[in-house]
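# Residue-level structure breakdown
Chain by chain, the residues run as shown.
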Amino acid sequence: TQLLEQSPQFLSIQEGENLTVYCNSSSVFSSLQWYRQEPGEGPVLLVTVVTGGEVKKLKRLTFQFGDARKDSSLHITAAQTGDTGLYLCAGVYVGTYKYIFGTGTRLKVLA
Amino acid sequence: GAGVSQSPSNKVTEKGKDVELRCDPISGHTALYWYRQSLGQGLEFLIYFQGNSAPDKSGLPSDRFSAERTGGSVSTLTIQRTQQEDSAVYLCASSSSGGYTEAFFGQGTRLTVV
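Calculation notes
Residues numbered from 1 in each chain as written. Chains lettered and ligands numbered in written order. Predicted model: local features only at pLDDT ≥ 70, side-chain atom pairs only at ≥ 80, totals over all residues. Heavy atoms only, no water. Helix = DSSP H or I, 4+ residues; strand = E, 2+ residues; numbered from the N terminus. Rg over C-alpha atoms; globule rule 2.2 N^0.38 Å. Buried < 20%, exposed > 50% of the residue type's maximum accessible area, 1.4 Å probe, protein only. Contact = heavy atoms within 4.5 Å. Phe/Tyr/Trp six-rings, centres within 6.5 Å; stacked < 30°, edge-to-face > 60°. Pairing = 2+ DSSP bridges. Axes fitted to C-alpha atoms, helices over the stretch in contact; angles between N-to-C directions. Disulfide = S-S within 2.5 Å. Salt bridge = Lys/Arg side-chain N within 4 Å of Asp/Glu carboxyl O. Core = buried A, V, L, I, M, F, W, Y, C linked by side-chain atoms within 4.5 Å.

Helix and strand counts for chain B stand at 0 helices and 11 strands. When the helices and strands of chain B are listed from N to C terminus, the series reads β-β-β-β-β-β-β-β-β-β-β. On C-alpha atoms alone, chain B measures out to a radius of gyration of 13 Å, which is about the 13 Å that the 2.2 N^0.38 rule sets for 114 residues. With respect to the three principal axes, the spread of C-alpha positions in chain B is 35 × 25 × 25 Å. Buried positions account for 47% of the 114 residues belonging to chain B. Relative to all contacts within chain B whose residues are 6 or more apart in sequence, the contacts with residues 24 or more apart total 54%.

If you want it as structure tokens, here you go:
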């Protein structure tokens, strides 16, 4: 069974703080996506990374794909209350076609 | 359509009844996925369609669950003889080529079995 570990599971921080969420696997991904999910909604795509070592920035969010394509991180700078939500990573393993999701990180940013 | 559409958005059913959940993927997307999300949990893969074929049904929890896709578009997920443990949010996603491009999700169907 291929497992996708995500950490931390829960995170509560003050507005203005920085945070990093991690997504790890023992197998190699052909691509990895990060999603954010609000209550009552489906996950919304934030970014896709495909190349080992790739770094992508989306405003205050920085996404990094590990050199070996087995792990990824999401870093948020100066968190805002609007960043509150469930962050999910989803990987597609080499030779497969289905998206395997991590367990998610529930982020709460306090004013 | 502009996005993935699922219906109904909420469904309450009595234990033992059958339910049908519908997914309208983004027009032109050949790959379609069904996932299940229980309260506080991550997304559990159920089934994958490429066109009208389902090469991977490995995530269906039991033979009470089935899914079909017609015309390479609309898909229905059917749960027979529903049980309380079937209560969850059922999410549908589509992508243009399955596994190599982004998956776009619908808003989900919240199923409650009472």
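Further notes follow.
On inspection of all chains with the given rule, the structure shows 11 aromatic pairs over all chains. Centre to centre, the rings of Y35(A) and F105(B) are 5.5 Å apart; their planes meet at 90°, and the pair counts as edge-to-face. With Y35(A) in strand β4 (residues 29-37) and F105(B) in strand β10 (residues 104-105), this residue pair bridges two chains. Per residue, the accessibility class of Y35(A) equals that of F105(B), and both read buried. Between Y35(B) and F45(B) the ring centres are 5.9 Å apart and the planes differ by 75°, which places this aromatic pair in the edge-to-face class.

What follows deals with the sheet that holds strand β3 (residues 19-24) of chain B. Residues and elements named next belong to chain B. In space, the 4 strands of this open sheet follow the order β1-β3-β8-β7, with antiparallel pairing throughout. The open sheet has two free edges, formed respectively by β1 (5-7) and β7 (65-69), since each of these has just one partner strand. Each neighbouring strand pair of the sheet contributes to a mean axis angle of 15°, computed without reference to strand direction. Across 3 bridges, β1 lies against β3 in antiparallel orientation. What sits directly across from S7, in β3, is R22.

Here the focus is the state of the cysteines. Residues and elements named next belong to chain A. Within this structure, the stated rule accounts for 2 disulfides over all chains. The disulfide that involves C23 links it to C89, with 2.1 Å between the sulfurs. Because the sign of the S-S torsion sets the handedness, a value of about 80° for the bond joining C23 and C89 places this disulfide among the right-handed ones. With a gap of 66 residues between them, C23 in strand β3 (residues 19-24) and C89 in strand β9 (residues 85-93) connect regions that are remote in the sequence. On the basis of relative accessible area, C89 is assigned to the buried category, the value being 0%.

To continue, consider the pattern of salt bridges. Evaluation of the coordinates by the stated rule reveals 8 salt bridges over all chains. K98(A) serves as the salt-bridge partner of D56(B), at 3.0 Å between the closest nitrogen and oxygen. Taken together, the residues D56(B) in strand β6 (residues 53-56) and K98(A) in the loop between β9 and β10 (99-101) connect one chain to another. Grouping residues by exposure puts D56(B) and K98(A) together as buried.

Residues and elements named next belong to chain B. Relative to strand β8 (residues 75-79), β7 runs antiparallel, the two being bridged by 5 bridges. Residue pairing for β8: R69 is matched across the bridge by S75. Joining the antiparallel neighbours β7 and β8 is a turn of 5 residues, in which G71 adopts a positive phi near 60°.

This brings us to the sheet that holds strand β6 (residues 55-58) of chain A. Hydrogen bonds between backbone groups are what pair the strands of a sheet, and the pairing can be parallel or antiparallel. Residues and elements named next belong to chain A. The antiparallel open sheet is built from 5 strands, whose spatial order is β1-β3-β8-β7-β6. The outermost strands of the open sheet, each flanked by one partner alone, are β1 (5-7) and β6. Neighbouring strand axes in the sheet, compared pairwise and without regard to direction, differ in orientation by 15° on average. For strand β7 (residues 61-65) and strand β8 (residues 71-76), the ladder comprises 5 bridges, and the chain directions are antiparallel. Pairing of T62 across the sheet is with H75, part of β8.

One finds L4(A), L19(A), L32(A), W34(A), L74(A), I76(A) and L107(A) to be the most contacted residues of the largest nonpolar core, which totals 22 residues. Among the secondary structure elements, those contributing two or more residues to this core are β3, β4, β5 (44-49), β7, β8, β9 and β11 (105-110) of chain A. Counting residues in each nonpolar core, the second largest holds 19 residues, with W34(B), I47(B), F49(B) and L111(B) among its members.

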